[in-house]
Amino acid sequence: ASGGLAAETLVTLDDFDGDKPEAINSPRSLQVIKSHGVAMDDLRAWPVEHFLPKVDKDMERAKVWQAEWEKDRVSLARSLRAARRAILQRAEVLRKKSEVVLEESSDSP
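These numbers come from a predicted model, not from an experiment.

> Could you give an account of the overall build of the chain, naming the residues involved and the relevant values?
If you tally the helices and strands in the chain, you get two helices and zero strands. Sorting the 109 residues of the chain into buried and exposed places 24% on the buried side. Taking as baseline every contact in the chain between residues at least 6 positions apart, the subset at least 24 positions apart corresponds to 51%. Carbon together with sulfur atoms contributes 56% to the accessible area of the chain, which is approximately 7,900 Å² in total.

> Report on the nonpolar core, specifying residues and quantitative values.
The biggest cluster of nonpolar side chains holds 11 residues, and these are Leu13, Phe16, Ile24, Val32, Ile33, Val38, Leu43, Ala77, Leu80, Ala83 and Ile87. Elements supplying a minimum of two residues to this core: α1 (27-35) and α2 (59-107). Ranked by the residues each element gives to this core, the list is headed by α2, at four residues. Setting aside residues up to four positions removed in sequence, Ile87 forms contacts with Arg28, Gln31 and Val32. In this structure, Trp46, Val48, Phe51 and Leu52 belong to the second largest nonpolar core, which totals six residues.

> Kindly report on unusual backbone geometry, identifying the contributing residues and their values.
Backbone geometry places Asp56, a non-glycine residue, at a positive phi of 50°. Looking at the element boundaries, Asp56 is found in the loop between α1 and α2. A residue is classified by how much of its surface remains accessible, and Asp56, at 68% relative accessible area, is exposed. For Lys57, which is not glycine, the phi torsion reads 65° and is therefore positive.

> For α1, give the residues involved together with the corresponding values.
If you check which residues of α1 are buried, you get Ser29, Val32 and Ile33. All buried residues of α1 project into a common sector of 100° when viewed along the axis, lining one side. Looking at α1, the residues exposed on the side facing more than 90 degrees away from the buried face are Pro27, Lys34 and Ser35. Gly37 lies just past α1 and shows a positive phi near 65°.

> How would you summarise the packing of aromatic side chains if you had to cite specific residues and measurements?
Tallied over the entire structure, the rule returns one aromatic pair. The interplanar angle of 55° and the centroid separation of 6.2 Å between the aromatic rings of Phe51 and Trp69 together place this pair among those described as tilted. Of the two residues, Phe51 is situated in the loop between α1 and α2 and Trp69 in helix α2; the sequence distance between them amounts to 18 residues. Arg44 extends its terminal NZ or CZ atom over the ring of Trp46, reaching a point 5.2 Å from the ring centre.

> Could you give an account of the side chain of Arg73, with specific residues and numbers?
Take Arg73: it is sitting in helix α2. Among the polar contacts made by the side chain of Arg73, one reaches the main-chain carbonyl oxygen of Leu43 at a distance of 3.2 Å. Dropping the residues within four chain positions of it, Arg73 is found in contact with Phe16, Asp17, Gly18, Asp42, Leu43, Arg44 and Ala45.

> With reference to specific residues and values, describe the pattern of salt bridges.
Two side chains with opposite charge may pair up if their charged atoms get near one another. Counted by the stated rule, this structure contains 10 salt bridges. The partner of Asp14 in a salt bridge is Arg85, and the shortest N-O contact between them spans 3.8 Å. Taken together, the residues Asp14 in the segment before α1 and Arg85 in helix α2 connect sequence positions 71 residues apart. The shortest N-O distance in the salt bridge between Arg44 and Glu22 comes to 2.9 Å. Here the residue Arg44 occupies a position in the loop between α1 and α2, and Glu22 occupies one in the segment before α1, the gap between them amounting to 22 residues. In this structure, a network of salt bridges that share partners links the residues Asp14, Arg81, Arg84 and Arg85.

Here is what the cut-offs are and how they apply
- Residues numbered from 1 in each chain as written.
- Predicted model: local features only at pLDDT ≥ 70, side-chain atom pairs only at ≥ 80, totals over all residues.
- Heavy atoms only, no water.
- Helix = DSSP H or I, 4+ residues; strand = E, 2+ residues; numbered from the N terminus.
- Buried < 20%, exposed > 50% of the residue type's maximum accessible area, 1.4 Å probe, protein only.
- Contact = heavy atoms within 4.5 Å.
- Areas by Shrake-Rupley, 256 points an atom, 1.4 Å probe, with all protein chains shown as cover.
- Core = buried A, V, L, I, M, F, W, Y, C linked by side-chain atoms within 4.5 Å.
- Arc of directions from axis to C-beta.
- Phe/Tyr/Trp six-rings, centres within 6.5 Å; stacked < 30°, edge-to-face > 60°.
- Lys NZ or Arg CZ within 6 Å of the ring centre and 35° of its normal.
- Polar contact = N/O pair within 3.5 Å; in protein donor to acceptor, adjacent residues only side chain to side chain.
- Salt bridge = Lys/Arg side-chain N within 4 Å of Asp/Glu carboxyl O.

Pasting the structure below:
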């Protein structure tokens, strides 16, 4: 048994299911969330009971609010995931370019 701390498992936007947005800890995911001005609670899948106080305890209206919230939340998560993928793709392109430059510089006499 090692005496060190266990490596923390990264939770990305791709892993996130709507339950606990505060569990997201991947640097790129957090960067995207912050740069888009999104609050963690904007990503939370709320139960219908959360909306009851907003609609005078009318369950039917609360269900409509929840359905609209969920539709918007899923759309927001999808766009954040796409933005994260774009960052990762740009980072990969830059990494490959730097490898080529390093290879070329090591080839020169």
